[in-house]
Amino acid sequence: MPGSQAKLLPSAHQAPLPLDRLILTESPDAEAVPMDVLFVGGGPAGLAGAIALARLVKADNEAGGDLGDVQIGVLEKAGALGEHSLSGAVVNPIAIRALFPELKDEDFPFRAPVGGERVYFLTGSRAVRIPTPPTMQNHGYHIASLCEIVRWLGEKAEGLGVNIFTGFPAASLFAEGQRVTGVRTAPSGLARSGDPGSGYAPPTDITAQITVLAEGTRGTLAQAYLEWQRVASDNPQIYALGVKEIWETLRPLDAVVHTLGWPVPKDCFGGSFMYPLSRNLVALGLVVGLDYKRTSDDVHEMLQRMKLHPLFRDLLESGEMVEWGAKTIPEGGYYALPKRRHGDGLMIVGDSAGFVEVASLKGIHYAMQSGMFAARAAFNALKKKDTSSASLKEYDAMVEGSFIAKDLYRRRNMRLAFQESNFYVAGIKAGLMTVTGGALPGGKIASRPDAVVPREVTPPQPFVPDGKLTFSKLDAVFKSGNATRDDIPSHLIVGPDITPEVAELYTHMCPAGVYERDGERLVVSPANCIDCKATDVLGPRWTPREGGSGPKYRQM
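Residues numbered from 1 in each chain as written. Predicted model: local features only at pLDDT ≥ 70, side-chain atom pairs only at ≥ 80, totals over all residues. Heavy atoms only, no water.

(A) Examining the overall build of the protein chain more closely. Scanning the protein chain from N- to C-terminus turns up 15 helices and 27 strands. A globule of 556 residues ought to have a C-alpha radius of gyration of about 24 Å, and the protein chain, at 23 Å, matches this closely. For the protein chain, the C-alpha atoms occupy an extent of roughly 65 × 50 × 50 Å along the three principal directions. When contacts within the protein chain are restricted to residue pairs at least 6 apart in sequence, those whose partners lie at least 24 apart make up 79%. Counting only carbon and sulfur atoms, one obtains 52% of the accessible surface of the protein chain, whose full area is about 21000 Å². On the protein chain, the mean spot of the 57 positive side-chain charges and the mean spot of the 62 negative ones are 6 Å from each other. (Helix = DSSP H or I, 4+ residues; strand = E, 2+ residues; numbered from the N terminus. Rg over C-alpha atoms; globule rule 2.2 N^0.38 Å. Contact = heavy atoms within 4.5 Å. Areas by Shrake-Rupley, 256 points an atom, 1.4 Å probe, with all protein chains shown as cover. Lys, Arg positive; Asp, Glu negative; His and termini not counted. Charge placed at Lys NZ, Arg CZ, Asp CG, Glu CD.)

Right under this line is the structure:
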């Protein structure tokens, strides 16, 4: 392997987005399923939007309105709602309260209100408690499982007559001119060759007056639409990878815990969390920016090493890891938001639009609120019988006038400072930004996509999991509930010139063991994929595959 000064540029080995497959100009099938409004993604954004729209339609009809029967659909690629949902999660309840004003906090699917909280700076052997930064203060918020929130929202949506289709990934957008007219789902039952197998089911076409893309982080159709329409942003979107575990412990955790420092290298952005889900159930995870600097940087392995620290080991070593998962998180903030999140017959909501505020590690309430704004814009468009971009621009206006844009603007440069400067200088800048509401240091900090950050080609440090406190990637994937069939065709588009060094980068980039370096070549095991999308950021392109593939999260 070349010396540590050798550099590798991930973007040079990444395939382009396959727009010809993702944007279809042909007509939908004659037997296409008709919907009025279709939410693509059954997470908090899509379900909150569907609920809000169903309630608006119901109220209008009861008041003598003329909308009549409005067909609202939600497409979800997982086999059941919640199985692909993962977040920290400490939830700001502002959006769910607005969606269900008739309910009290104790009626919501939360585990517990945040009691105490502690923040530590870690070295390899010590934990130094530091004052909790204002952005990480969670008083008044609630600890929750996003899986449980999503399942609860799904029940509410179905009770309002929303059509929920699980196991149906949206693989393409239909377009007539500049207008989006619906989606085509992915087929199922394909053999490894890509030909129809014994259990083959063809794609389903679904038409809609309005399509709302709520695909979550790194949404494939949202990316395709923005590229097709040439919608720009001030900065490119950048991402982090979060790896999370659920542990049953013999003694309880009494506070929300966050850490900075070790095991994240000083030239990387990241930190950990540990939350009590119940008296003997703890969620912990590590989040690291995908603009890290070395081919051997490995977020899953960092988390395993972190558990050997006394701060974690003392709590975990007598317990059992019961669930594992991972996902990417949009971190670009205000300047990475697309200039337009609407178009003819289309809106983009939640993580797909980049509505995450990384300084406070929050995104669920932004996702739900943006879904609710999309519902209001869709309702008004249906009432006017005008679903054009000119009508749906009301959605962007609502976002810009809300706490979503205001929160992201106040902390617009905090994450970007860590791409521009080292950990300590960036920390000082972030403190100034917190005190001044982002005014100091002023101006926009420019950023670059994660895939164009050069990586030093460095050998990995040996690490042998013990199978009790620390785990290999394959053992961890088993704990995700992944039941993807072994003979599924690959949904990953590998780019050009995959050298041994690139294969080494992919091996460490992927938390699920999809990629392995075998001598001079790259070996791909697509059935291991848990749809975290890290591969789509730095490596082979992720595309939708048959419904029900991937993890089956229960408490994430």
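(B) Molecular detail of the environment of glutamate 520. Along the polypeptide, glutamate 520 turns up in the loop between strand S25 (515-518) and strand S26 (521-524). Judged by relative accessible area, which is 59%, glutamate 520 ranks as exposed. C-alpha of glutamate 520 to C-alpha of valine 358: the two residues are 162 residues apart in sequence and 38 Å apart in space. (Buried < 20%, exposed > 50% of the residue type's maximum accessible area, 1.4 Å probe, protein only.)

(C) View of the sheet that holds strand S9 (residues 142-143). With antiparallel pairing, three strands are arranged side by side in an open sheet as S5-S9-S6. Here the strands that pair on one side only, and so sit at the sheet edges, are strand S5 (90-91) and strand S6 (112-113). Relative to S9, S5 runs antiparallel, the two sharing two bridges. Counterpart to valine 91 in the pairing with S9 is histidine 142. (Pairing = 2+ DSSP bridges.)

(D) Up close: the pattern of salt bridges. Counting across every chain of the model gives 33 salt bridges. The shortest N-O distance in the salt bridge between aspartate 351 and lysine 327 comes to 3.3 Å. Taken together, the positions of aspartate 351 in the loop between strand S22 (346-348) and helix H8 (364-384) and lysine 327 in strand S20 (residues 320-330) put the pair 24 residues apart, joining distant regions of the chain. The exposure classification of aspartate 351 matches that of lysine 327, with both residues buried. We note a salt bridge from glutamate 546 to arginine 485, for which the minimum N-O separation is 2.7 Å. (Salt bridge = Lys/Arg side-chain N within 4 Å of Asp/Glu carboxyl O.)

(E) The arrangement of the nonpolar core in detail. One finds Leu99, Leu153, Leu173, Met347, Phe355 and Tyr395 to be the most contacted residues of the largest nonpolar core, which totals 83 residues. With 13 residues, the single largest contributor to this core is H8. Not counting the four nearest positions on each side in its chain, phenylalanine 355 is found in contact with Leu337, Arg341, Val349, Gly350, Gly363, Tyr366, Ser370, Tyr395, Val399, Ile404 and Leu408. Counting 68 residues, the second largest nonpolar core, distinct from the first, contains Ile246, Leu281, Val502 and Leu505. (Core = buried A, V, L, I, M, F, W, Y, C linked by side-chain atoms within 4.5 Å.)

(F) Geometry of the sheet that holds S20. Ordered by their spatial adjacency, seven strands build an open sheet running S8-S7-S17-S18-S19-S16-S20, and the pairing between neighbours is mixed. Taken across any chain shown, the strands that pair with only one partner, and hence form the sheet edges, are strand S8 (127-130) and S20. In this sheet, adjacent strand axes meet at a mean angle of 20° when their direction is disregarded. Relative to strand S19 (residues 281-289), strand S16 (residues 239-248) is paired through nine bridges, and the arrangement is antiparallel. Bridging from a neighbouring strand, lysine 244 pairs with glycine 285 of S19. (Axes fitted to C-alpha atoms, helices over the stretch in contact; angles between N-to-C directions.)

(G) Molecular detail of unusual backbone geometry. A cis amide bond, omega -5°, links glycine 88 with the succeeding residue alanine 89. Relative to the elements of secondary structure, alanine 89 occurs in the loop between strand S4 (72-76) and S5. With an omega dihedral of 5°, the bond running from tryptophan 262 to proline 263 counts as a cis peptide bond. Of note, the phi angle at lysine 385 is positive, near 55°, even though the residue is not glycine. Within the secondary structure, lysine 385 sits in the loop between H8 and helix H9 (389-400). With relative accessibility at 68%, the residue lysine 385 sits in the exposed group. Residues other than glycine seldom take positive phi values, yet aspartate 531 does so here, at roughly 60°. By the element assignment, aspartate 531 lies in the loop between S26 and helix H15 (534-538). Overall, the relative accessible area of 10% leaves aspartate 531 in the buried class.

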